[in-house]
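# Close look at the chain arrangement
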Amino acid sequence: MSAYVLQQILNGLTLGSLYALVAIGFSMIYSIVRLINFAHGDIAMVGAFATLGLVAVDAPWPLTIATVLLTGGLAGITIEAVVFRSMRGAPQVTGFIATLAVSVVIQNTGIMIFSGQPRNFLFPSVMRERVALGPVTISLTDITIVTMTIVLLAILLILVKRTRLGIGMRAAAENLQVARLMGININRTIMAAFALGSAMAAIAGLMWGGRFGQIDPLFGFIPGLKAFVASVIGGVGSLGGAVLGGYVLGLSEVLFVGLMPSEYSGYRDAFVFFLLILILLVLPNGLLGRSAEERA
């Protein structure tokens with residue numbers, strides 16, 4: 001395998017890590033309340049601008065990361081409590097339209113506060129240094145993104161598998177009404193899903209800005225949309241599927257751009273949705289998804 005292909009695979013793993021962090025929030029929320037939250041990608045924008053403000057006051061990076069996670073979690077809790085809780089039990093199309101409305105509100109609020117002009121977003125200069133890995137190189141920023149993604153996903157897995165809250169979330173994902181009859185606090189469980197998923201999206205916004213160098217109030221829409229595609233590819237409602245779908249999509253997108261002639265690189269978004277259609281034609285429930293009958 002050539003060094004060029006290996007380099008593209010490393011780039012794909014980095015992009016896939018970002019998609020996975022956002023996609024897992026889509027799946028957590030959908031698995032419990034059957035809601036596709038199209039405002040989820042805009043939480044990444046909130047996390048990125050929160051980082052920008054903290055960097056401006058020279059906050060230490062550990063404090064910055066913790067604050068961004070908290071900011072994303074609080075944003076998710078607020079959105080769930082103010083907008084979606086009263087709609088619980090309404091037709092799915094109602095929630096779908098509401099998420100689009102929340103997305104527009106967040107984007108326009110960002111434009112009013114920060115203007116629509118892109119802002120430079122630079123990690124410390126040391127993070128742009130590159131480390132040799134055999135015939136290829138990788139920046140410290142990319143190493144940080146992949147490492148932080150693995151650590152956060154491991155923590156989330158432990159929380160979901162080993163804690164009472166996680167058990168409650170898994171029970172609610174299987175059958176919300178039965179979980180309520182078993183004494184599980186449904187409001188708290190759903191709020192936790194929004195908080196955890198939004199915290200992941202916010203930290204993805206931090207890392208997205210650090211890798212690509214610019215942010216603006218509208219930048220979260222496309223990553224959010226692609227992360228939704230990743231969650232569908234993996235099997236919407238499956239946490240493992242969201243992670244797998246994120247990496248499949250990230251690797252496929254980067255390899256498409258890197259291996260195809262340059263004149264086709266502008267069609268990368270079309271390729272993303274073609275890949276979605278192709279996978280769903282073969283596996284209608286995604287790579288790791290389950291049908292409604294299996295879930296019941």
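Scroll up to find the structure this text is about.
The paragraphs below set out a description of the structure included in this document. (Residues numbered from 1 in each chain as written. Predicted model: local features only at pLDDT ≥ 70, side-chain atom pairs only at ≥ 80, totals over all residues. Heavy atoms only, no water.)

## Some points on the environment of V248
- Relative to the helices and strands, V248 is located in helix α10 (residues 239-259).
- Classification of V248 as partly exposed rests on a relative accessible area of 24%.
- On a C-alpha basis, the gap between V248 and F26 in space is 16 Å, while along the polypeptide they are 222 residues apart.
- Contact partners of V248, with chain neighbours within four places excluded, come to I233 and L287. (Helix = DSSP H or I, 4+ residues; strand = E, 2+ residues; numbered from the N terminus. Buried < 20%, exposed > 50% of the residue type's maximum accessible area, 1.4 Å probe, protein only. Contact = heavy atoms within 4.5 Å.)

## Digging into the nonpolar core
- In terms of nonpolar packing, the biggest core is built from 75 residues, with L21, I32, I203, M207 and L249 touching the most fellow members.
- Not counting residues within four places of it along the chain, the set of residues in contact with L21 comprises T149, L152, L153, M200, A201, I203, A204 and M207. (Core = buried A, V, L, I, M, F, W, Y, C linked by side-chain atoms within 4.5 Å.)

## Quick word on a nonpolar patch on the surface
- Taken together, the side chains of L244, I277, L281, V282, L283, L287 and L288 make up a nonpolar region of the molecular surface, amounting to roughly 640 Å² of accessible area.
- Along the chain, I277 turns up in helix α11 (residues 268-282). (Patch = residues over 30% accessible without salt bridge, like charges linked within 9 Å, V, L, I, M, F, W, Y side chains within 5 Å. Areas by Shrake-Rupley, 256 points an atom, 1.4 Å probe, with all protein chains shown as cover. Salt bridge = Lys/Arg side-chain N within 4 Å of Asp/Glu carboxyl O.)

## Points about the packing of helix α5 (residues 140-162) against helix α6 (residues 164-174)
- Two numbers describe how α5 lies on α6: the axes approach to 5 Å, and their chain directions differ by 75°. One element, α5, and the other, α6, form an angle in the roughly perpendicular class. Contacts between α5 and α6 involve L159, V160, K161 and R162 from the first element and R164, L165, G166, I167 and R170 from the second.
- Among the residues making up the contact of α5 with α6, the classes are represented as 4 nonpolar, 1 polar and 4 charged. (Axes fitted to C-alpha atoms, helices over the stretch in contact; angles between N-to-C directions. Parallel < 35°, antiparallel > 145°, perpendicular 65-115°, else oblique. Nonpolar A, V, L, I, M, F, W, Y, C, P; charged D, E, K, R; others polar.)

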